[in-house]
Every structure is written in C-alpha cells, then in structure tokens.
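These are the residues of each chain, in order.
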Amino acid sequence: MKWKDLFTSSVGKKWVMALTGVFLILFLIVHAGINACIWANDGGVMFNKVAHFMGSTIVIRILEVGLFLGFLIHIFQGLILEFQNRKKRKTGYAVKISIKESTWYSRSMGLLGTLILLFLILHWKHFWVPSRFTGIPYPEVILESGKKIHNLYALMQSTFSELWVVIVYVLGCISLFWHLLHGFQSAFRTLGVSHPGYLKIIQRIGFIYSFIICLAFAMMPVSMYLGWVK
Amino acid sequence: MEHYVMNLTLKVWRQKNTNDKGRFETYHVKNISSEMSFLEMFDVLNEQLIQEGKDPIAFDHDCREGICGMCSMVINGRPHGPWHRNTTCQLHMRAFRDGDVIVVEPFRANAFPVIKDLVVDRSAFDRIIQAGGYISVNTGSAVDANAIPVEKDKADAAFAAAACIGCGACVAACKNSSAMLFVSAKVAHLGLLPQGQPERKTRVLNMVAQMDKEGFGACTNTGACEAVCPKGISIDYIARLNRDYMMAALSSPE
Ligand code: SF4
Ligand code: FES
C-alpha cells in the first residue's frame, strides 16, 4: 500500500477524526480551565492575566496554529465523511430503520457537529477575531507592574449581557455534550482499544468529562448574564 | 406457547430487475399459523400468487436454519425482523398479531444492488473475502489438527468472530452502509489464530481496500450493526480491526 492510502481509506479517515478529536478534547480542558478563572470573582483580574499569558508566548502561538489546523481538519474531514457516507445508499428505506440499541446521538454526529460549527463561527466572531485582529473595544487594564493587557473580561461581560447570545451559547454547549458523549469513546475505539473492560471505563470517563466540560462552559454566559460574577 | 392463526396485510417491495424502479405492492394473507416461519408465510403467499397467475415474490433463502446468511430482508424497519440475534428464516409468525401490517423491503446499500424484489447481490462480500479471507496451507497430506497449540481464549474469540454468516444485515442497518462489522469479524477470525499470522498484515490492508472499493461507507461506531447481527458479533472487533489496520499500514514495506 502507498502511504497516502492511509488517509484516503475508510479506516484512515477514522483515525484522522479520532486523533484530531482527542486533540480538541484536550484543548477543551485547557479552555474551560482558563475561563473558569472568571469565577474568581475579582472583577476579571485573574482571568485577564491568564488570557494574556495564553496569547503572549511563542510556544502558545505555535500551538494555536496547531489548534486551528486541528479544528479545520476535524470539521472538513467530518463534513466530507458525512456526505460521502450518505451517498452510499441512493435508495433509502420506506420504513425508517429503527434500532433502539444504537444511540440517537451516535447516529447524529454530522448534525451535532454542524450545530457546533455554527455556534463556533459566532463564538470566533465574538472573541477570537476581536482579540487577535480587530481589537477589543474596551480600555486596556494596567497591571501593578505597569504592563497593559487586553480587557477580555469586559468583552465577555458585554457579550453575555444579551439574552439571545446566552441562549445560543447554552444550545451550543448542549450540542457539544452529545457530540462528546459519542466522540470521546468512539475516538478510543478507533485508536484500537478493544478490551471490554477498558471500553467500559472509557465510556464512564467520557460521560463525566462531557458533563463537566459542557456544564462549565454553559454556566459561564449564564452566570455573567445573571450577574453571579462581578 | 399458545397456537393461533392470523390474517395479515403485507407491503412488499417488488422490482422486476436491477434497472426497474420498483414499488410496493399490498397483499393479504389469511389463516397464517403462529408456528410458521416468516419464510413459510412467504411460501403461502407465493402459492397464492402462482394460483392467481401472478409472478411470485423473489426472496433469498437456502438453509432456513440460521446458518447460511441468505435470507436478507428488512421487516418493519429492522433487518431480519423484530427478534434479537435472529435471522429472517428463524423469525416465527408468533412475533406478529392478527391484523398486523408488515412492510418488507430489500437490504438497501449501493454495494448491494437489488436483483429482483427482495433479492440483492451480495457478491461484494465474496470479493472482500477473496481479497484476504484465507490462510496459506501446504499441499500434500492433511496436517494434524492439533499440531499447532491455540490458547483457549484466542480460540474462543476467533470462534465467536467466525460465527459471522455474511448475511449483510450489518450493512443494511448502518446509516453509513458500512461493512466494517463483517470485515472486522473476518479479519479477527483468522488474525487471532496462529495459522492466520503470515498474512495478518496484508489481509487487513487488502480486505479494507476491497471494502472501500465496493462502495461501502465508513464506520462511525454507531453500534446499529451489532444490534441487528444475528450472530451477535461485537463491535469490539471493529476496534481490533482499526488497531490491526494502523499497525499494518505503518509497518507496510512499500
Ligand atoms: S457481522 Fe453479523 S450482520 Fe454482519 S454479515 Fe456477519 S453475521 Fe451478518
Ligand atoms: S436461510 Fe439460511 S440463514 Fe436464513
């Protein structure tokens, strides 16, 4: 076989989805950890500092490129797979196939992924574009050391003062929960874990992970909207 | 179990040949015994059609005891019908009640074109097996069966995989029309045994390549296949295939 076949074969495509998926799963932990600093309830000082650190070192800048690639590959490969797979049954069934043993969310990864993508576009427009390119429309914060840093916290507060934004974000987190619930354990199956004992543990960890991450993310806009953090 | 008779309405897919567009026809059958198998009920219906001078419904069957994998049909939205771990030929009419409407369709996948009515062409599976489902054996007098020791757990796992009858229900049930469960069973069946080691790497690479060439979709681990598999092949074999494939691909000499 040619080395390229690895990426064009059906199994190779699964590997690409799984590897980028695991990478994004790890990223979400970092992302949620940083954002959780808003709950320090110190007017965003800690959060702004950490967010500044994440944008200031060259190592993280390089990682950011990797992250962006990870997102792109996962999204494109996922969409391509979804469309290719759909085409494999030109004539459909008259009675919809109903198999209750297979979970609805495992069969809806394309749909859930698309919902997450729509949410992401809005999310990038809200935060990533202003902080990287167009600038944040709030005065910079001056630290004790005299250093000036972006006030990302103020941007978060103003973004989450609108109810519809909060609702969209919560819906995005719900889609993410179902996507992760299947994706987490599916990734490990693709990476070759076949021992039933490990698979059971992975499934549990996957549930806990998806629940905590998505709840944490969903609570951020909610707590800002309701004024739980100042 | 109590015996009873029933009258049923059947909506069956009729298609003259591969190029025909096909449509559903409605039939009524009377006095069907709860003891009959689903295929026997079809036999009754076909007798009726022949007497009326009509074309009988074409459906695949051979052993009628759940071991050949020929009896492919989707009954009310489930390949092989409502019973768990069961083939259509082993589905009995006691699964239904008087007055039921039963919709019967062929397995649907581009890789399984309809030949006539409920009969589909599953020779794609044969070509996948030809691509790697074999082991090399020296010609000459038969080797002693017990000459190569096989660990019990490996033998059991290989046997469980070998139970796959190649019926294609996994493909029919899968939203991606993927043949991964079938291929993973075949790869594991030989790959777990010492006799299957020489071709272990080429087998998985070639069988997956053939599977892709035949136009089956890519697996997304939904587990629908495992649920309808009459032989209870576990999707854990798919995870095993994924691992075997990657090991083989990364160490492939060319
Ligand atoms: S894996 Fe199961 S459903 Fe698929 S072909 Fe084999 S026996 Fe049939
Ligand atoms: S006819 Fe052989 S398995 Fe059903």
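Residues numbered from 1 in each chain as written. Chains lettered and ligands numbered in written order. Predicted model: local features only at pLDDT ≥ 70, side-chain atom pairs only at ≥ 80, totals over all residues. Heavy atoms only, no water.

Enquirer: So what's going on with the overall build of chain A? Which residues, and what values?
Expert: On a plain count of helices and strands, chain A comes out with 8 helices and 2 strands. Beginning at the N terminus, the succession of helices and strands in chain A can be written as α-α-α-α-α-β-β-α-α-α. Counting only C-alpha atoms, chain A reaches 65 × 40 × 35 Å along its principal axes. Burial statistics for chain A: of 230 residues in total, 45% are counted as buried. Summing over all exposed atoms, chain A offers an accessible surface of approximately 12,700 Å²; the carbon and sulfur share of this is 73%. Counting 22 positive and 8 negative side-chain charges, chain A places the averaged centre of each group 13 Å from the other. (Helix = DSSP H or I, 4+ residues; strand = E, 2+ residues; numbered from the N terminus. Buried < 20%, exposed > 50% of the residue type's maximum accessible area, 1.4 Å probe, protein only. Areas by Shrake-Rupley, 256 points an atom, 1.4 Å probe, with all protein chains shown as cover. Lys, Arg positive; Asp, Glu negative; His and termini not counted. Charge placed at Lys NZ, Arg CZ, Asp CG, Glu CD.)

Enquirer: Break down the nonpolar core for me, citing the residues and quoting the values.
Expert: Of all hydrophobic cores here, the largest spans 56 residues; its most connected members are Val183 and Phe216 of chain B. Those elements that place two or more of their residues in this core are α2 (10-35) of chain A together with α2 (123-132), α3 (152-162), α4 (169-173), α5 (180-191), α6 (200-213), α7 (224-228) and α8 (236-250) of chain B. Shared between two domains, this core holds at least three residues of each, these being domain 1 (5-115) and domain 2 (123-251) of chain B. Not counting residues within four places of it along the chain, the set of residues in contact with valine 183 of chain B comprises Ile128, Met207, Met211 and Leu241 of chain B. Formed by 44 residues, the second largest nonpolar core is a distinct cluster that contains Ile136, Tyr153, Leu176 and Ile202 of chain A. (Core = buried A, V, L, I, M, F, W, Y, C linked by side-chain atoms within 4.5 Å. Domains from an automatic or database assignment. Contact = heavy atoms within 4.5 Å.)

Enquirer: An account of the site of ligand 1 is needed here, citing residue identities and associated values.
Expert: All names here are of chain B. Of all residues adjacent to ligand 1, which total 13 residues, the nearest are Cys164, Cys167, Gly168, Cys170 and Cys229. Listed by contribution, the elements that provide at least two residues to the shell around ligand 1 are α4 and α5. Split by residue class, the shell around ligand 1 holds 11 nonpolar, 2 polar and no charged. (Near = heavy atom within 4 Å. Nonpolar A, V, L, I, M, F, W, Y, C, P; charged D, E, K, R; others polar.)

Enquirer: A description of the interface of chain A and chain B should follow, citing residues and the corresponding values.
Expert: If you look at the interface, chain A gives 41 residues, while chain B gives 52 residues. Where chain A meets chain B, there are 3 salt bridges. Across the pair lysine 175 of chain B and glutamate 82 of chain A runs a salt bridge whose closest N-O atoms are separated by 4.0 Å. For the pair chain A and chain B, the number of links is 29 residue pairs in polar contact (both at pLDDT 80 or more). Looking at the side of chain A that touches chain B, the elements that each hand over two or more residues are α1 (5-8), α2, α4 (58-86), α7 (163-190) and α8 (196-225) of chain A. When grouped by side-chain class, the residues that make up the side of chain A that touches chain B number 13 nonpolar, 15 polar and 13 charged. (Salt bridge = Lys/Arg side-chain N within 4 Å of Asp/Glu carboxyl O. Polar contact = N/O pair within 3.5 Å; in protein donor to acceptor, adjacent residues only side chain to side chain.)

Enquirer: Hey, could you go over the side chain of histidine 74 of chain A for me, with residue numbers and the actual values?
Expert: Relative to the helices and strands, histidine 74 of chain A is located in helix α4. Not counting residues within four places of it along the chain, the set of residues in contact with histidine 74 of chain A comprises Met17, Thr20, Gly21, Leu24 and His179 of chain A.

Enquirer: I'd like a rundown of the confidence of the model for chain A, residues and numbers included.
Expert: On average, residues of chain A carry a pLDDT of 92, and 100% of them reach 70 or more. Highest mean pLDDT in chain A belongs to α7 of chain A (97); lowest belongs to α1 of chain A (81). (pLDDT = per-residue confidence, 0-100.)

Enquirer: Provide a residue-level description of the sheet that holds strand β1 (residues 5-14) of chain B, including the pertinent values.
Expert: Residues and elements named next belong to chain B. Taken in spatial order, the 5 strands make up an open sheet running β2-β1-β5-β3-β4, and their pairing is mixed. With partners counted over all chains shown, the strands left at the sheet margins are β2 (23-33) and β4 (78-79), one partner each. Across 4 bridges, β1 lies against strand β5 (residues 101-105) in parallel orientation. Within β5, the residue paired with lysine 11 across the bridge is valine 103. Helix-sheet contacts for helix α1 (residues 38-51) involve β1, β2, β3 (74-75) and β5, and the interaxial angle to β2 is about 105 degrees. (Pairing = 2+ DSSP bridges. Axes fitted to C-alpha atoms, helices over the stretch in contact; angles between N-to-C directions.)

Enquirer: Tell me about the environment of aspartate 244 of chain B, residues and numbers included.
Expert: Residues and elements named next belong to chain B. Residue placement: aspartate 244 occurs in helix α8. Considering only alpha carbons, one finds aspartate 244 and valine 204, 40 residues apart in sequence, at a separation of 7.0 Å. In this view, aspartate 244 contacts Val187, Arg200 and Val204; residues no more than four positions away in its chain are not counted.

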